Amino acid sequence: MKILIYSSNSIYSGKPVGGAEHSLHLLARKLSERGHNVHFVTDSYSRLTQGFVDKDSQKFNIHFSPSISLPFQRLGFLKRLNALIKGVVVRWYLSCNFSDFDIAHTYNEEHDAYLLLKWKEKKSLNIKIVIRVAGLYWKDIHGIESSKKNKKIEYIYNNVDSVNFIQNGMKILFFDTTKSIMKIEPQDSFILDIGDEINNNKAQWSTKPRTKPFRIVMVARLSSYQKRQDILIKAFENLNFGESELLFLGDGPELGNLTSYCNSNTFLKDRVKFLGYQSKEEVKNILLSSDLFCMCTEYEGLCKGVIEAMKYGVPVLTSNVLAISDYLENGINGFLVDNNVEDWSKALSYCINLSDDALKEISENEIRFIRDNFDADKNVTQYEKEFMRIMNTN
């Protein structure tokens, strides 16, 4: 198959990325390893580029688009003009290089998917467009009251050839959110995620002497929507357990507010640390040296932080929300907790007081579950089947 992966932001762009961008990159690499002709188109923010630069990687072709930036973009009409110019340039490049491709896979509703649909529509192409759904970014950023945005989202989901929900819980959450404000009836959908690298993982978590501080870690962006580091911090404060520390990996607009709150509190000041974005290797090292991984969130798709922690066998405590509750069974391969400060405090206390044997059992169950369900080398074959099915659908 000839497969285009379009992700305007990516691990190559020079900006921080999340689980969705890592998943698209991993999918591109695994499909290429299976012998498919894979091309990855992304923006570049880390350097000035003239036109498009093709860079050959070990696995697939990467195409860098220029970062077009007009001055005074805070003015609404200039922002719209910038997007219009970029759309014209990117569509021209797509037409020159990918008009005969079979599949285009993307994830960002408002920008990337819309651009691909308009390109297909204007050129009357046969390429099949698949959009990955792992969250509700459009709702979190714009709210659900923007009728203009809602019309655009409605257009996208009703016109793409297939919608790739990463979990059944994500599909339920998506339609529960949209049913009262939009009329969305996708032509096709399937439930699948690429997962993670499993076979080359040799590292495994183990309990450590209780003389050391009990280390709790959360890996996520510090945003004003979805993620709830504030609940976790207040629960940790209420716990008031001296031999413990709380680490946050990630960055974002809420860093200042969260830091100020912790610095104003005697207990929190020396026990809560904000480490910013870390390399993949450093994240791994911190996870393996931690006692508990936490994900406090309003909702989640297939959280890469949770999956990575489970892959290493780090005991996981998460909010009891869709779609995490699809794959995490309380007390079996992790722990679920209702999303409020009081329950989080109780759950933290419970985990801290668990025996080493109980933690080891959870750890072993996590590793087994991830190997059975989220092995990228297995899941890529399912993507091949889904893409072939979509290609053969009129």
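Residues numbered from 1 in each chain as written. Predicted model: local features only at pLDDT ≥ 70, side-chain atom pairs only at ≥ 80, totals over all residues. Heavy atoms only, no water.

J.: Go over the overall build of the chain, please, and point to the residues and values.
T.: Per the secondary structure count, the chain includes 15 helices and 14 strands. A total of 394 residues make up the chain; the buried ones form 53% of that total. Restricting to contacts in the chain with at least 6 residues of sequence separation, those with at least 24 account for 74%. Summing over all exposed atoms, the chain offers an accessible surface of approximately 18000 Å²; the carbon and sulfur share of this is 48%. (Helix = DSSP H or I, 4+ residues; strand = E, 2+ residues; numbered from the N terminus. Buried < 20%, exposed > 50% of the residue type's maximum accessible area, 1.4 Å probe, protein only. Contact = heavy atoms within 4.5 Å. Areas by Shrake-Rupley, 256 points an atom, 1.4 Å probe, with all protein chains shown as cover.)

J.: Lay out the pattern of salt bridges with the relevant residues and their values.
T.: What the rule picks out here adds up to 23 salt bridges. Linking E197 and R29 is a salt bridge whose minimum nitrogen-to-oxygen distance equals 2.5 Å. Here E197, found in the loop between β8 (189–191) and β9 (214–219), pairs with R29, found in helix α1 (residues 19–33); they are 168 residues apart in sequence, far enough to count as distant. The class for E197 is buried, based on a relative accessible area of 13%. A salt bridge links E386 to R389; the nearest nitrogen and oxygen atoms lie 2.8 Å apart. Of this pair, E386 and R389 both sit in helix α15 (residues 376–391), separated by 3 residues, roughly a single helical turn. Judged by its relative accessible area of 32%, R389 is partly exposed. Beyond isolated ion pairs, a larger network of salt bridges with shared partners links R29, K30, E33, E197 and D377. (Salt bridge = Lys/Arg side-chain N within 4 Å of Asp/Glu carboxyl O.)

J.: Quick one: what's the story with the pairing of strand β13 (residues 316–319), residue by residue and with numbers?
T.: As judged from the 3 bridges shared by strand β12 (residues 292–295) and β13, these two strands associate in the parallel manner. From the neighbouring strand, F293 faces β13, where its bridge partner is V316. Crossover connection from β12 via helix α11 (residues 304–312) to parallel β13: handedness right-handed. In terms of strand pairing, β13 meets strand β14 (residues 335–337) through 3 bridges, oriented parallel. Across the sheet, the residue bridging to S319 is V337, located in β14. (Pairing = 2+ DSSP bridges. Right-handed = clockwise from strand over helix to strand, strands pointing away.)

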